[in-house]
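Chain residues, written in single-letter form:
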Amino acid sequence: MSKALDGIRILDFTHVQSGPTCTQLLAWLGADVIKVERPGVGDATRKQLVDVEGADSLYFTMLNHNKRSLTLNSKSETGKRVLERLVKKCDVLVENFAPGALDRMGFGWERIQELNPRMIMASIKGFGPGPYENCKVYENVAQCVGGAASTTGFRDDVPIVTGAQIGDSGTGLNLALGITAALLQREKTGRGQRVLAAMQDGVLNLCRVKLRDQQRLQHGPLKEYSQFGEGIEFGDATPRAANDSGGGQPGRILKCKGWESDPNAYTYFITQVAVWQKICGVIGKPEWKEHPDYATPPARLTRLNEIFGAIEAWTMTKTKFEVMDICNPLDIPVGPILSMKEIAEEPSLRETGTIVEVEHPQRGSYLTVGCPIKLSDTEVEVTRSPLLGEHTEEILAEVLEYSVDEIAEIKESGAV
Ligand code: CAO
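We now turn to the structure provided with this report.

Criteria and cut-off values
Residues numbered from 1 in each chain as written. Predicted model: local features only at pLDDT ≥ 70, side-chain atom pairs only at ≥ 80, totals over all residues. Heavy atoms only, no water. Near = heavy atom within 4 Å. Polar contact = N/O pair within 3.5 Å; in protein donor to acceptor, adjacent residues only side chain to side chain. Areas by Shrake-Rupley, 256 points an atom, 1.4 Å probe, with all protein chains shown as cover. 1 Å grid on protein atoms, 1.4 Å probe; cavity = no way out; pocket = protein on both sides within 12 Å on 5 of 7 lines; lining within 4 Å. Sits in = over half its atoms within 2 Å of the grid points. Helix = DSSP H or I, 4+ residues; strand = E, 2+ residues; numbered from the N terminus. Buried < 20%, exposed > 50% of the residue type's maximum accessible area, 1.4 Å probe, protein only. Contact = heavy atoms within 4.5 Å. Patch = residues over 30% accessible without salt bridge, like charges linked within 9 Å, V, L, I, M, F, W, Y side chains within 5 Å. Salt bridge = Lys/Arg side-chain N within 4 Å of Asp/Glu carboxyl O. Lys, Arg positive; Asp, Glu negative; His and termini not counted. Charge placed at Lys NZ, Arg CZ, Asp CG, Glu CD. Pairing = 2+ DSSP bridges.

## Brief notes about the site of the ligand
Around the ligand sit 24 residues in total, of which Ala98, Arg104, Lys136, Val137 and Asp168 are the nearest. His15 places a polar side-chain atom, nitrogen or oxygen, 3.0 Å from an oxygen atom of the ligand. With respect to the ligand, the backbone of Asn96 contributes an N or O atom lying 2.9 Å from a nitrogen atom. Starting from 950 Å² of accessible surface for the ligand in isolation, the protein chains cover 84%. Judged by the fraction of its atoms near the pocket grid, the ligand is located in the second largest pocket. In terms of residue count, the dominant contributor to the shell around the ligand is helix α4 (residues 101-105) (three residues).

In structure tokens:
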């Protein structure tokens, strides 16, 4: 079966998490991704969080499937010549170096355009243009400067970063979309272009409902937040709202049977307006169905603690899966808090390729996440990440079309 991005070749200058997320996705969709790494060193994550001595870490393998690895010292004279040829042979250059690194290497946007006017140059940076554009940024910094941390956590406690890597992997997804759009536009214009995805922008984009609430605050308290019903005044910024949904359909995380010993024996429970009467029936409060203090969404807003208390008294008598089994047929939206262990063992996620088991020569088999986007005409087969420099000779010969003697010379120079 052909794949969506067949024939697209990517010069992958990415490292750590954000950029590799993007190029891994492009590789899954069929692009030929050539990961360029420093000889003898490679992507720093290869040797970070090592769990199997001598093997590439899970951190690296889980971000670099379906790629080929070329080692190249792009700061040496020979290395620069090889890189020039690579730029001419590729469609897209993807990078997430610290700001200015590519210019210092001699491969800024103007040089890239001279070498290959069709090339798309795609970058992830911590910040877009402005006062912080030269800053280095990691995941949690992005979550803090993008508005996620100030709105996550409990009202009376410190700001919290989330376990979801919204700054790194989230921005990688944005960049992949930008690249595919630029490839489509190139079909019409014949020209490449620059694509920038800033991590601050990516996090903020995912926090839009909190910016919505910031503006709603100017017109009165946020009535869907628990703090309204508790009579606690709002300040001048969107507060942390713990597990409140904060939207038009109030929801919370509630204890389920076993919560005393199992840290994940909880369910999310949404009191969707359309199923209010069914909720009252399930939790044994039929009198709330028509009672004026409970029957309408505005009436319920000042009573959320009492209402969720009653729902929790019911959920605590059931396991989180029983809650799901009872509520789903009634269209009541609930979701068990699944642990990573439960997710890793969930057969349906294996069947869809969302979780995949991969064989690796240094570490044996391990689990990884598969492609989260399913295309009916592009079957994704997850193949293991490359060893450092595993494809150097192959790429020099097949992609860059160097002769045997030239390859020997390049190797002799220490550039690869
Ligand atoms: N050959 C020769 N030199 C190479 C090379 C190669 N193949 N690959 C990288 N280098 C050089 C770079 O040119 C750079 O050199 P200079 O500093 O002299 O310009 C140097 O290696 C280090 O690159 P870096 O500054 O990007 O790496 P770092 O470890 O110091 O910083 C990070 C890492 C992530 C903070 C920074 O790259 C960054 O801010 N990136 C943008 C934001 C981002 O993606 N953050 C998410 C990271 S995941 O949490």
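## Details of helix α1 (residues 18-28)
Of all eleven residues that make up α1, eleven are buried, and the element is covered over most of its length. In the stretch just after α1, Gly30 is the one whose phi turns positive, near 115°.

## Observations regarding the side chain of Asn96
Among the secondary structure elements, Asn96 is positioned in the loop between β4 (92-95) and α4. A polar side-chain atom of Asn96 sits 2.9 Å from the main-chain amide nitrogen of His15. Looking at Asn96, its side chain comes within polar contact range of the side chain of Ser18, at 3.1 Å. Residues in contact with Asn96, not counting those within four places in the same chain, are Phe13, Thr14, His15, Ser18, Gly19, Pro20, Ile124 and Lys125.

## Things to note about a positive patch on the surface
A contiguous patch of positive charge on the surface is contributed by Arg38, Lys75, Arg104 and Lys136. You can see Lys75 is positioned in the loop between β3 (67-71) and α3 (77-89). Taking relative accessible area as the criterion, Lys75 reaches 60% and is therefore assigned exposed.

## Let's talk about the pairing of strand β10 (residues 355-360)
Across six bridges, the pairing between β10 and strand β11 (residues 364-369) is antiparallel. Bridge pairing in β11 places Glu357 opposite Leu367. Linking β10 to β11, which pair antiparallel, is a turn of three residues.

Functional significance is not addressed by these values, which are geometric in nature.
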